[in-house]
Amino acid sequence: MNLPLSWRFARRELRGGLSGFRIFFACLVLGVAAIAGVGSLADAMLGGMASQGRVLLGGDVAVGLVHRETTPREQAWLEQHGRVSEVISMRGMAYAIKHGAEAERQLIELKAVDGLYPLYGHVGLTPSGTLSSALTCDARQCGAAAEQTLLDHLHIGLGSVLRIGTQDFRITAILTDEPDRLSGGFSLGPHVIVSDAGLKRTGLVTLGSLIEYSYRVAMPSSPEAFRHDARKAFPDGGWAIGDRNHAAPGTQRFIRMVTMFLTLVGLTALAVGGVGAGQAVGAFLDRKRAEIATFKAMGAEGGTIFLMFFLQVMAIALAAVVIGLIAGAALPFAVQAAYGADIPTPTKFAIYPGPLWLAAAFGLCSAAAFAIPPLARAREVAPAMLFRDVVAPVNARGRLPYLLMAGGAGAIVVALALIVAPSPLFAAYFIAGVAGGLVALTLFAQLFRFVLRRLPRTRIPTLRLALANLTRPGAATSSVVVALGLGLTLLSAVMLLDHTIAVQVKDDLPGTAPTFFFVDIQPDQTDEFDRTVHGFHSSEYRRSPMIRGRITALNNVPARLAKVDEGARWALSGDRGITYAATPPEGTEITEGKWWAGNYNGPTLISFDGELAQGMHLKLGDTITLNVLGREITGAIANFRHVDFSNGRQNFVLVLSPGLIDHAPHDFLASVRVPPAEEEAMYRAVTDRFPNVSTVRVKDAIAQVNGLLQELSDGVRGASLVTILAGLFVLAGAIAAGQRARLYDSTVLKVLGATRARIAAVYALEYGLIGFVTGILALGAGTLAAWAVTHYVFGVKFLFDAGTALITVGGGAFATLVFGLVAAWAALSARPARLLRAP
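My aim in this report is to walk through the structure given alongside it, one point at a time. Each chain carries its own residue numbering, running from 1 in the written order of its sequence. The predicted origin of the model limits local features to residues at a pLDDT of at least 70 and limits the giving and counting of side-chain atom pairs to 80 or more, whereas totals for whole chains, interfaces and linings rest on all residues. As a rule here, side-chain values cover all heavy atoms of the structure and leave hydrogens and water aside.

1. As for the pairing of strand E7 (residues 167–177)
Right, on to step 1. At least two DSSP bridges between two strands are required for those strands to pair. Every helix listed is a DSSP run of H or I at least four residues long, and every strand listed is a run of E at least two residues long, numbered separately from the N terminus. Bridge analysis of strand E4 (residues 124–126) against E7 gives 3 bridges, and the strand direction is antiparallel. Residue Thr126 lies in a different strand from E7, and its bridge partner there is Ile174.
Right, on to step 2. Pairing between strand E5 (residues 141–146) and E7: 6 bridges, direction parallel. Directly across from Gln141, in E7, lies its bridge partner Asp168.

2. Topic: unusual backbone geometry
Right, on to step 1. Each neighbour pair has its own omega, and for Tyr117 with Pro118 the value is -5°, a cis peptide bond.
Right, on to step 2. Locating Pro118 in the fold gives a position in the loop between strand E3 (101–113) and E4.
Right, on to step 3. Non-glycine residue Asn555 carries a positive phi angle of around 55°.
Right, on to step 4. The residue Asn555 is located in the loop between strand E12 (539–554) and strand E13 (557–558) in this model.
Right, on to step 5. Relative accessibility thresholds used throughout: buried, under 20% of the residue-type maximum; exposed, over 50%; partly exposed, between the two (1.4 Å probe, protein chains only). Take Asn555: its relative accessible area is 33%, and that puts it in the partly exposed class.
Right, on to step 6. You will see that His617, though not glycine, has its phi angle at about 60°, which is positive.
Right, on to step 7. With respect to the helices and strands, His617 occurs in the loop between helix H19 (610–615) and strand E17 (623–628).

3. Observations concerning the state of the cysteines
Right, on to step 1. The disulfide criterion is simple: two cysteine sulfur atoms within 2.5 Å. In total, this model carries 1 disulfide according to the counting rule given.
Right, on to step 2. The disulfide bridge from Cys137 ends at Cys142, spanning 2.0 Å between sulfur atoms. Across the S-S bond linking Cys137 and Cys142, the dihedral sits near 110°, which makes this disulfide right-handed.
Right, on to step 3. Its relative accessible area of 2% is what places Cys142 among the buried residues.

4. So, the packing of helix H15 (residues 424–453) against helix H16 (residues 461–471)
Right, on to step 1. To define axes, lines are fitted to C-alpha atoms, for helices over the stretch in contact only, and angles between the resulting N-to-C directions are given on a 0 to 180 degree scale. At a closest axis distance of 9 Å, the pairing of H15 and H16 adopts a crossing angle of 135°. Classified by the interaxial angle, the pair formed by H15 and H16 is oblique. In the packing of H15 onto H16, the handedness of the crossing is left-handed. In this structure, H15 uses Phe448, Arg449, Leu452 and Arg453 to contact H16, whose residues at the interface are Leu467, Leu470 and Thr471.
Right, on to step 2. Across the contact of H15 with H16, the residue classes tally to 4 nonpolar, 1 polar and 2 charged. Roughly parallel here means an angle under 35 degrees, roughly antiparallel means over 145, roughly perpendicular means 65 to 115, and every remaining angle is called oblique. Crossings are assigned a handedness: left-handed for a near helix turned anticlockwise from the far helix by less than a right angle, right-handed for a clockwise turn. By definition in these notes, contact holds between two residues if any of their heavy atoms fall within 4.5 Å. Gly is placed with the polar residues, together with every amino acid not listed as nonpolar (Ala, Val, Leu, Ile, Met, Phe, Trp, Tyr, Cys and Pro) or charged (Asp, Glu, Lys and Arg).

5. Quick notes on a nonpolar patch on the surface
Right, on to step 1. Exposure above 30% relative accessible area and the lack of any salt bridge qualify a residue for a patch; like charges then connect within 9 Å, and the nonpolar side chains Val, Leu, Ile, Met, Phe, Trp and Tyr within 5 Å. Per-residue accessibility takes into account occlusion by the displayed protein chains alone, with areas from the Shrake-Rupley method and a 1.4 Å probe. Salt bridge, as applied in this entry: a Lys or Arg side-chain nitrogen positioned within 4 Å of an Asp or Glu carboxyl oxygen. A contiguous nonpolar surface patch, about 440 Å² in accessible area, is contributed by Phe444, Leu447, Phe450, Val451 and Leu455.
Right, on to step 2. Here Val451 shows up in helix H15.

6. Description of the environment of Val32
Right, on to step 1. Structurally, the position occupied by Val32 is in helix H2 (residues 22–51).
Right, on to step 2. The residues touching Val32, leaving out its near neighbours within four places in the chain, are Leu270, Val321, Gly324, Leu325, Ala359 and Gly363.

7. Some remarks on the environment of Ile323
Right, on to step 1. Examined against the element boundaries, Ile323 turns out to sit in helix H11 (residues 302–339).
Right, on to step 2. Once residues within four sequence positions are removed from consideration, Ile323 is found in contact with Phe25 and Val29.

8. Some details on the packing of aromatic side chains
Two numbers describe a pair of aromatic rings. These are the distance of the centres and the angle of the planes.
Right, on to step 1. Each aromatic pair joins two rings of Phe, Tyr and Trp (for Trp, the six-membered one) with centres within 6.5 Å, and gets the label stacked for planes under 30 degrees apart, edge-to-face for over 60, and tilted for any other angle. For the coordinates displayed, the defined rule picks out 9 aromatic pairs.
Right, on to step 2. Ring centres 5.3 Å apart and planes at 55° place the aromatic pair Phe529 and Phe690 in the tilted group. Taken together, the residues Phe529 in helix H18 (residues 526–534) and Phe690 in the loop between helix H20 (676–689) and strand E21 (694–697) connect sequence positions 161 residues apart.
Right, on to step 3. Under the relative-accessibility criterion, Phe690 is labelled buried at 1%.
Right, on to step 4. Feature note: the residues Phe516, Phe518, Phe529, Tyr683 and Phe690 constitute an aromatic cluster, connected by ring pairs.
Right, on to step 5. Stacked on the ring of Phe668, the Lys or Arg Arg543 has its end atom at 5.1 Å from the ring centre.
Right, on to step 6. Across the ring face of Tyr683, the terminal group of Arg697 is positioned such that the distance to the ring centre comes to 4.0 Å. Lysine and arginine charges are scored as sitting over a ring when NZ or CZ, respectively, is within 6 Å of the ring centre and within 35 degrees of the ring normal.

9. Quick notes on the pattern of salt bridges
Right, on to step 1. Throughout the structure, instances matching the rule amount to 18 salt bridges.
Right, on to step 2. In this structure, Lys98 engages Glu104 in a salt bridge whose closest nitrogen and oxygen atoms are separated by 3.0 Å.
Right, on to step 3. Residue classification places Lys98 among the partly exposed positions, given a relative accessible area of 26%.
Right, on to step 4. Residue class for Glu104 comes out partly exposed when judged on its relative accessible area of 25%.

10. So, the side chain of Arg68
Right, on to step 1. Turning to its location among the elements, Arg68 is positioned in the loop between strand E1 (61–66) and helix H4 (72–81).
Right, on to step 2. Using a relative accessible area of 14% as the deciding quantity, one classes Arg68 as buried.
Right, on to step 3. Definition of a polar contact: a pair of N or O atoms within 3.5 Å, with one able to donate and the other able to accept a hydrogen when the atoms are protein atoms, and with sequence-neighbouring residues admitted only if both atoms are side-chain atoms. At 3.1 Å, the side chain of Arg68 forms a polar contact with the side chain of Glu74.
Right, on to step 4. Each residue touching Arg68, except ones within four places of it in the same chain, is listed here: Glu74, Tyr213, Gly237, Trp239, Leu629 and Gly630.

Read these as geometric descriptors, not functional statements.
Next up, the structure:
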């Protein structure tokens, strides 16, 4: 190949600008900008969290314990490493005191802090002042800082009195900023901060209560050294150690997963744009057919011709990538300007090279993968065949090295997506789904044209012309079906998933979930609590012992080193609720093994979630080691159960045999359903008689979860529109590519006496039919994808939505019809005489 000569000719061709490549250029800019922008925004958020790790965590390291405080020896060891601040977190009930009596009440997230809190950052208070002065206690009352939402719910104001447990607190400040809030996880109620002395006076701190103790340490040494020394000094301490580099792991994991999904959506847009790239290159080569034939007739080598046009295409692709990168790099700054303080995580806005390099590689490799096959085909066609290629296309596929180049470029895209994805398995399924969708839509488009060719000729001239336009050489049928169909497939799949999950949360879950959950019922309160509940028309009442513990080892292998699938890793990342039972709890579905005898009194046996067991590669007889209140308990797996978390009921991953665990200090968890008419009465009765019991209204929790899901689904649907937009670009390009043929057809039909209305009806039938068929295909593919996700990933029943079907089918038909008629307007408006006199 003659590279200088090829580049010289390519540079001359580029003087004509983007003629014929506008759609290709626009799709590439869109896909690259989406990938670069999403990656840059994620890095800005993750970089901000990393730079503010000390503030988010509350220290350089944090040691978490459930149910118990540190021992004197543990406390002394921590203080040897730096300044130590203790934070105690629990849920409780807050009662508004009005006219000396308890009035409205609300579940709260209660945090008790010492005088050193916060070690890093600043607590926002209104009116401004120091936290220590706001939380001061006197002989009768203590101060408290509460969020405005709590005051609004209880209809009180600054200076009002709350009762928590047995202690009264005066609201001395409104809590406006909590520096370590993000590391605390999901909240069921408004936040209230009190002093550690104030918490002790509430009477809520009892042995076995569901209380989390967090010890934040400000120290000069590295977190890694601290972890190593802590494991060596207290191997059985059950410490959950966090550090400033992973201050909010749940949030960071969520950001990475969303980033991965949106990046894959951007790749889908590039795939749709790739269809447009192949279409644009094909149309470009059609216009250059005579030129290529002339080059070949004059002795130009096929490699030189290929390189000449390949350099031109890649130069245009490079320009598109640069513009996309500029737009993507600017996205975080645009988000900062638009939303600013509303961004829920700390952000560090800057230019991040990593996402830009990744987006550039995706864009250039995608362009090469789709552009090389048609270029290789033109390289192989003989000069005489090039002139006949319009009416008698030659099935030249290009030589193997070129096809390997295209395949290699595509393989690089796939490999990069799998390497950078936090969940390679999900990325692999997504990419396989997109590739399968492209292949399936291409085959369906060919089948559609095949069927149309063999239909009996209709006697309706308008319909006969429309069908002929869909099957003639050079028709855009395949390009439209593939490009628009892939975008509509993704959108319909997302909308059907959204509908299924929304119905599960808003409609089905309230019908199966309890009305209330009651937490921290003390052992000496169980009889009176049972009598209180049975005083109402209650049903599905269940009270279970509960203690929290951490899985520390699987088959004597430390949990952090055990081979566990990504989908099951969450069960090892924190404390889990544990219960014990002599007989199977009501509704237990044993899938393998058998329950222990009712009078069993031997080594600890475990009933474990069967799905988690698969992810942890466990079988019957394997052992699980738990750390409960600082003590290690090892038990053998006796059976596996099917645990249905979608019903909202009591679902324990771990059920242990009595004999050892039941001697540990613990409290009880209860759930109950009551008729709506008695809901408020039961709520009042329980909260009046048992102020230490945290009462969770399930409908409030469902509403909060539904709000979060709605925000997430709105974002995902918005991201899916990127693919739709790319599909519309390709649709417009496909229609514009046939503009010359439309002008010729329109002129001939007008000369033969056809009116504009009749010609417009032909085009309307043609575009409406292809859009309708594309919508049907996309709906079928999207439904299949949504069913697979709900069945195999979520494990819930798939629910079809007629509204989504209407939007997909109707949207596809409408978009194709509108774009087609707009593009055909020039053909309808053209005067036959002027066109017939044209040379």
